[in-house]
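These are the residues of each chain, in order.
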Amino acid sequence: QVQLVESGGGLVQAGGSLRLSCAASGRTFSSYGMGWFRQAPGKEREFVAAISWIGGITYYTDSVKGRFTISRDNAKNTAYLQMDILKPEDTAAYYCAATRSLELRVAINYGYWGQGTQVTVSS
């Protein structure tokens, strides 16, 4: 069982930065792939970024490549999403999730989800 708690969301102007954190409970955090997803009002939840449990391989959706960076600190049981050069279209509720699957870009593969943190980017 893994419990996830996100933090770090807020209101920021376009071009600004935020860092989201995802604190995980449990002693097996290092054996889970971690992902970030987002959902804007009226839209489906979409994949943003993920990092594998072994090798630290990272994946990003095209719209955030070069602006967002996912990382993890297994000693702190925490995953991060550094978001730079934010745009109004990045406005959404952001969710972290944990999975044992090797396919990290598909939401249905994740068995554990946080409650979400709101990111609002003003123009």
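Residues numbered from 1 in each chain as written. Predicted model: local features only at pLDDT ≥ 70, side-chain atom pairs only at ≥ 80, totals over all residues. Heavy atoms only, no water.

(A) Main features of the environment of E46. Residue placement: E46 occurs in strand β5 (residues 46-51). In this structure the C-alpha to C-alpha distance between E46 and V106, which are 60 residues apart in sequence, comes to 8.7 Å. Those residues in contact with E46 that lie beyond four places of it in its chain are F37 and R38. For E46, the side chain forms a polar contact with the side chain of R38, separated by 2.6 Å. (Helix = DSSP H or I, 4+ residues; strand = E, 2+ residues; numbered from the N terminus. Contact = heavy atoms within 4.5 Å. Polar contact = N/O pair within 3.5 Å; in protein donor to acceptor, adjacent residues only side chain to side chain.)

(B) Seen up close, the pattern of salt bridges. Scanning all chains against the criterion turns up five salt bridges. Linking R38 and D90 is a salt bridge whose minimum nitrogen-to-oxygen distance equals 3.0 Å. Within this pair, whereas R38 is found in strand β4 (residues 33-39), its partner D90 is found in the loop between β8 (78-83) and β9 (92-99), the two being separated by 52 residues in sequence. On the accessibility criterion, R38 (5% relative accessible area) is buried. As a salt-bridge pair, K65 and D62 come within 3.0 Å of each other at their nearest N and O atoms. Taken individually, K65 and D62 each receive the classification exposed, so the pair is uniform in this respect. (Salt bridge = Lys/Arg side-chain N within 4 Å of Asp/Glu carboxyl O. Buried < 20%, exposed > 50% of the residue type's maximum accessible area, 1.4 Å probe, protein only.)

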